[in-house]
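Residue-level structural notes
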Amino acid sequence: MNETLRKCTDALMAACLAVMALAVFVNVVLRYGFGSGIAASEELSRLLFVWMVFVGATAAYPRGEHMAFTSLLLPLRSKPRALQAMTVLIRLSVITACVLLAWGAWQQVVVGMDSHSVVLGYPMALLPLPALLCAVAIALMALWQLIRGEALDLGHEVDVE
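These figures come from a predicted structure and were not determined experimentally.

1. Notes on the overall build of the protein
If you tally the helices and strands in the protein, you get 5 helices and 0 strands. Tracing the protein from N to C terminus, the helices and strands come up as α-α-α-α-α. On C-alpha atoms alone, the protein measures out to a radius of gyration of 20 Å, which is more than a quarter above the 15 Å that the 2.2 N^0.38 rule sets for 161 residues. With the C-alpha coordinates of the protein rotated into their principal frame, the extents come out at 65 × 40 × 30 Å. Split into buried and exposed, the 161 residues of the protein put 31% on the buried side. A separation of at least 24 residues holds for 71% of the contacts in the protein among residues at least 6 apart in sequence. Here the protein has roughly 10,600 Å² of accessible surface; of this, 71% comes from carbon and sulfur atoms.

Written as structure tokens, this is what we have:
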């Protein structure tokens, strides 16, 4: 299931990027080549970019690909209790940050339901919606890791230059 989810998120991000690139390319050619453009391409590109970023952030969390300061935790390797306490603190911090992000995003979704984009006419709630979904998903993953008592992945020290 995890591999299937990874493939789906990768495909979704690739589709967003492909449509964005095509829309911008066509719009540039039309503007500079023919003096006119497609107004909808800018709105579409902005919407797809927001969705791509938050789908990517959600997909990166279980892979351990978010920025990590594991070098600060490496001295705690020899102190399992301190490392376990720091792991709990980090997971609780992630959950807290996600709750705050979700609360703010929810407020923006509610405000956006009453307004629509100028050109395409989609509800403006579609812009903050991926932030809400991302925050909920990451908070649930962090909560699950906290409940299961999963250790932090400290294997990133090889990435430090």
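2. A look at the environment of Val24
Within the secondary structure layout, Val24 lies in helix H1 (residues 2-34). A sequence separation of 18 residues divides Val24 from Glu42, and the C-alpha atoms of the two residues are 7.4 Å apart.

3. Digging into the nonpolar core
Ranked by internal contacts, the top residues of the largest apolar core, which has 15 residues, are Cys98, Leu132 and Ile138. Counting only elements with at least two residues in this core, the list comes to helix H2 (40-63), helix H4 (80-112) and helix H5 (129-148). Ranked by residue count, the leading element in this core is H5, at 7 residues. Residues in contact with Ile138, not counting those within four places in the same chain, are Ala57, Thr58, Tyr61, His66, Val94 and Cys98. Listed in part, the 6 residues of the second largest apolar core include Met13, Cys16, Met20 and Met52.

4. What to know about the pattern of salt bridges
Scanning the model with the defined rule gives 5 salt bridges in all. Here Glu3 and Arg6 are joined by a salt bridge, their closest N and O atoms 2.5 Å apart. Here Glu3 and its partner Arg6 are both found in helix H1, 3 residues apart, which amounts to about one turn of the helix. Looking at Glu3, the relative accessible area reads 42%, which means it is partly exposed.

5. Remarks on the environment of Tyr122
Its location among the elements puts Tyr122 in the loop between H4 and H5. Sequence-wise, Tyr122 and Cys134 are 12 residues apart; in three dimensions their C-alpha atoms are separated by 20 Å. Once you skip the residues sitting within four places of it in the chain, Tyr122 turns out to touch Glu43, Arg46, Leu47, Ser115, His116, Ser117 and Leu127.

6. Details of H5
Taking 1.5 Å of rise per residue, the 20 residues of H5 would be expected to cover 28 Å, and the 29 Å separating its terminal C-alpha atoms lies within 8% of that figure. Among all positions of H5, only Pro130, Ala131, Leu132, Cys134, Ala135, Ile138, Ala139, Ala142 and Gln145 are buried. Its buried side turned inward, H5 meets H2 and H4. Directly after H5, the chain includes Gly149, whose backbone phi takes a positive value near 70°.

Criteria and thresholds
- Residues numbered from 1 in each chain as written.
- Predicted model: local features only at pLDDT ≥ 70, side-chain atom pairs only at ≥ 80, totals over all residues.
- Heavy atoms only, no water.
- Helix = DSSP H or I, 4+ residues; strand = E, 2+ residues; numbered from the N terminus.
- Rg over C-alpha atoms; globule rule 2.2 N^0.38 Å.
- Buried < 20%, exposed > 50% of the residue type's maximum accessible area, 1.4 Å probe, protein only.
- Contact = heavy atoms within 4.5 Å.
- Areas by Shrake-Rupley, 256 points an atom, 1.4 Å probe, with all protein chains shown as cover.
- Core = buried A, V, L, I, M, F, W, Y, C linked by side-chain atoms within 4.5 Å.
- Salt bridge = Lys/Arg side-chain N within 4 Å of Asp/Glu carboxyl O.
- Expected span 1.5 Å × (residues − 1).

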